[in-house]
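Examination of the molecular architecture
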Amino acid sequence: MLDPHLLRTDPEQVRDALRLRGFELELDALQKLESRRKAIQVETEGLQAERNARSKNIGKAKAAGEDVEPLLKEVASLGDKLKSSEDELGKIQKELNVILHAVPNIPHVSVPAGKTEDDNKEVRRWGEPAAFEFEAKDHVDLGEALGLIDFETGAKIASSRFVVLKAGIALLHRALIQFMLNVHTQEHGYTEVNVPYVVNADSCFGTSQLPKFEEDLFHIKEHGFYLIPTAEVPVTNMFRDEIVAAEDLPLKLVCHSPCFRSEAGSYGKDTRGMIRQHQFEKVEMVQLVPAGQSYQAIEELTAHAENILKKLELPYRTVILCGGDIGFASALTYDIEVWLPGQGKYREISSCSNFEDFQARRMKARWRNPETNKPELLHTLNGSGLAVGRTLIAIMENYQTKDGDICVPEALLPYTAGLELIKKA
RNA sequence: GGAGAGGUGGCAGAGCGGUUGAAUGCACUGGUCUUGAAAACCAGCAAGGAUGAAAGUCCUUCGAGGGUUCGAAUCCCUCCCUCUCCGCCA
């Protein structure tokens, strides 16, 4: 959520900034509602003040043993007026909130203009895509030939976009998780957390999956829970309604979790293979930092994600998302895209975002600034470090042999219990 | 699932219809004292919001949401959460 104060004092500037992402702020409607809110709030608070004063007098008179009947008569008419004024104010504030909660974050000055992912700007590239002496297969052909990736059984026990991994591939998948967690905790200074994989509506509101993106979530209606679409939701919400001590900052947490996404609206997109699943695993980095530090933190966090790819020797490029492609809550997002020989393309494997205080304002996640001794909103950041399923794909496609076997990358050898080459069983 | 107890400021913990936004303690901030620190003493110290140039004034908030009342932290209803005992169980 944007600072309502900024929206009141500088609406044109906000509107212009949001146009970069193709969002048109309805200034007229907003300002009309806002001026009504102002008038009615002033009126309501005046009536409340009057009621409070009169009630206090009644209390005093009673204590002094005076007759309070005349005072009660005086106040009788106040009740209805106050009630209707309060109701009206509540209604307007609700309307105002509906609008406010649907306004996306203001993009950072470094965000390039553009409408689609084609307009994202490459900021760096690492590694050389390998030149194969044979025709490189994609992970589906490789996995099915090995008999270790089974889409049909996934579809049978759940539905399409679910998969069963077996033997060496399942082991490689597990090894990746251990490897990533160890690198982030031992080399990058993150604290590992293990969290609930279902969350309540308040948590979804805090990180802004709700109210706007409900259709992307799996919802367990009878309990009011949502399956998490990313560990960002439970981990960031650990600090909802909290005031963090300055000495505990920056908070750097890493969490492995499954992620569940309905993928509503992506019918027909990436239907082949494991690229887009209803359930996948991810290692997620989350940081909460004081306001002045978030732009340094986003560079570091992105480098932490890139470091995993470097250790796995997977070629990648990093792009900065353009105004039209950046997420609702983010002020700045770097996507890291890994080279997939099977597709001959770079594909997203990590998304690292600085939300500034947008999520923190919704969540009331604050820290106490020792300089002022007052609570201030934190800045929140997160990034995949990395998407495990897509990393698995990248390894399969980049480390395939002529015979269709998969070499285990050197960095993973300590995690694979002696397995060096994944072959047909 | 059954029975009981409880949810109050950064933390602990009083209050159980009327000048209570809330005693007290701890923590924190400033001051006195000290060569410096500690201790002691004095003072300050919730958050969010409206209005205003500012000082200030006012409103809201005692788990959440309804209700009773001139007035609710305090009474009533619903829900959520925590703890204790019993049952079941990875």
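Within each chain, residues carry numbers counting from 1 in the order of the written sequence. Here every chain gets a letter starting at A, and every ligand a number starting at 1, in the order they are written. Only residues with pLDDT of at least 70 get local features here, since the model is predicted, and only at 80 or more are side-chain atom pairs given and counted; chain-wide, interface and lining totals rely on the full set of residues. The side-chain values count all of the structure's non-hydrogen atoms but skip hydrogen atoms and water molecules.

The domain boundaries here were taken from an automatic or database domain assignment. Taken domain by domain, chain A holds domain 1 (26-100) and domain 2 (117-422). Between the C-alpha centres of domain 1 and domain 2 the distance comes to 49 Å.

Right, let's talk about the packing of helix 3 (residues 27-63) against helix 5 (residues 78-100) for a bit. Convention adopted: a line fitted to C-alpha atoms gives each axis, helices being fitted over their contacting stretch, and angles between N-to-C directions are expressed from 0 to 180 degrees. Strands are runs of DSSP state E lasting at least 2 residues, helices are runs of H or I lasting at least 4, and numbering of each runs from the N terminus. Axis separation between helix 3 and helix 5 bottoms out at 9 Å; the angle between their running directions is 145°. The crossing of helix 3 and helix 5 is left-handed. Gly falls in the polar group here, along with every residue not listed as nonpolar (Ala, Val, Leu, Ile, Met, Phe, Trp, Tyr, Cys, Pro) or charged (Asp, Glu, Lys, Arg). Classifying every residue of the contact of helix 3 with helix 5 gives 11 nonpolar, 5 polar and 11 charged. Each helix crossing is assigned a hand: it is left-handed if the near helix lies turned anticlockwise from the far helix by less than a right angle, otherwise right-handed if that turn is clockwise.

This next bit is on the pairing of strand 15 (residues 374-377). When DSSP finds two or more bridges between two strands, those strands count as paired. In this sheet, strand 15 lies alongside strand 14 (residues 365-369) in antiparallel orientation, the contact comprising 4 bridges. Among the inter-strand pairings, Arg-368 is bridged to a residue of strand 15, identified as Pro-375. Linking strand 14 to strand 15, which pair antiparallel, is a turn of 4 residues; within it Asn-373 sits at a positive phi near 65°.

This brings us to the environment of Pro-234. Mapped onto the elements, Pro-234 comes out in helix 10 (residues 232-237). Throughout this description, buried means an accessible area under 20% of the type-specific maximum (1.4 Å probe, protein chains only), exposed means over 50%, and partly exposed covers the range between. Classification of Pro-234 by relative accessible area gives buried; the value is 7%. Note on contacts: a residue pair is in contact if any heavy atoms of the two residues lie within 4.5 Å. Excluding residues that lie within four positions of it along the chain, Pro-234 makes contacts with Val-195, Pro-196, Val-199 and Ile-228.

All right, on to the side chain of Thr-391 then. Along the chain, Thr-391 turns up in helix 13 (residues 388-398). If we ignore the near neighbours within four places in the chain, the residues touching Thr-391 are Leu-176, Met-180, Leu-312, Leu-314, Ile-349 and Leu-386.

A separate point is the sheet that holds strand 8 (residues 242-244). Adjacent strands of a sheet pair through backbone hydrogen bonds, lying either parallel or antiparallel. Read from one edge of the open sheet, 3 strands run 8-14-15, paired in mixed fashion. What marks the edges here is a single partner per strand, and that holds for strand 8 and strand 15. Ignoring which end each strand starts from, the neighbouring axes of this sheet average 40° apart.

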